[in-house]
Amino acid sequence: LGGRYRERVRPYASILMEEPGPLAERIAAIREQGFRAVKMGWGPFGRVDARTDEAIVAAARDAIGDGELMVDAGGSDAFWPNGYTWALRTADMLANYGVAWFEEPL
């Protein structure tokens, strides 16, 4: 379908979110395996409060360092409690942490 588009692709680890402490430990272990990009999703994110969401992202950013960080909020969950206002506020917070993409905020 048009030939080779690129010579290399960046793999990423995909993990479930946890509380900040265990999440940071898990991401540090993933970095030791050679991954420089992590997509984390679901778990407590978007289900507790804004402070918890930011603590999770801050811990993940510290653990991944200058690597690529992605967030899957899991908004397709049938019991997703958040809407447009939450998505906008959270997108702004994620931008402050250099998150590469924000999946399923609604």
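All figures in this text were calculated on a predicted structure; none of them were measured in a lab.

Conventions we followed
Residues numbered from 1 in each chain as written. Predicted model: local features only at pLDDT ≥ 70, side-chain atom pairs only at ≥ 80, totals over all residues. Heavy atoms only, no water. Buried < 20%, exposed > 50% of the residue type's maximum accessible area, 1.4 Å probe, protein only. Helix = DSSP H or I, 4+ residues; strand = E, 2+ residues; numbered from the N terminus. Pairing = 2+ DSSP bridges. Right-handed = clockwise from strand over helix to strand, strands pointing away. Patch = residues over 30% accessible without salt bridge, like charges linked within 9 Å, V, L, I, M, F, W, Y side chains within 5 Å. Areas by Shrake-Rupley, 256 points an atom, 1.4 Å probe, with all protein chains shown as cover. Salt bridge = Lys/Arg side-chain N within 4 Å of Asp/Glu carboxyl O. Contact = heavy atoms within 4.5 Å. Core = buried A, V, L, I, M, F, W, Y, C linked by side-chain atoms within 4.5 Å.

> Break down the pairing of strand β1 (residues 13-16) for me, with residues and values.
On a regular strand, each side chain points to the face opposite its neighbour's, so the side chains alternate between the two faces of the sheet. By the alternation rule, side chains of β1 split into A13 and I15, which are all buried, and S14 and L16, of which none is buried. Here β1 runs beside strand β2 (residues 37-41); their pairing, made up of four bridges, is parallel. By the bridge assignment for β2, I15 is matched with M40. Handedness of the crossover is the feature at issue here: the chain leaves β1, passes through helix α1 (residues 20-32), returns alongside β2, and the resulting connection is right-handed.

> Help me get a handle on unusual backbone geometry, residues and values and all.
The backbone of W42 shows a phi angle near 60 degrees, a positive value even though the residue is not glycine. For W42, the position within the fold is in the loop between β2 and α2 (50-64).

> Help me get a handle on a nonpolar patch on the surface, residues and values and all.
A surface patch of nonpolar side chains, about 350 Å² in accessible area, is lined by Y84, L88 and L106. Looking at where Y84 falls in the secondary structure, it is placed in helix α3 (residues 84-96). A relative accessible area of 57% means that Y84 is categorised as exposed.

> Give a detailed account of the environment of G98, specifying residues and quantitative values.
Along the chain, G98 turns up in the loop between α3 and β4 (101-103). Spatially, the C-alpha atom of G98 lies 9.2 Å from that of D66, the residues being 32 residues apart in sequence. Residues within four places of G98 in sequence aside, it is in contact with R61 and L69.

> Account for the environment of G46, naming residues and giving values.
You can see G46 is positioned in the loop between β2 and α2. What G46 contacts, discounting residues up to four positions off in sequence, is D53, W80, P81, N82 and W86.

> Would you mind going over the nonpolar core in detail, with residue names and values included?
Generally speaking, a soluble globular protein has its nonpolar side chains buried in company with each other. Within the largest apolar cluster, 23 residues are counted, with the highest numbers of intra-cluster contacts made by I27, M40, F45 and V57. Elements with a minimum of two residues in this core: β1, α1, β2, α2, β3 (68-72) and α3. With five residues, α2 is the single largest residue contributor to this core. Residues in contact with F45, not counting those within four places in the same chain, are M17, D53, I56, V57, V71, A73, W80, W86, T90, M93, L94 and F102.

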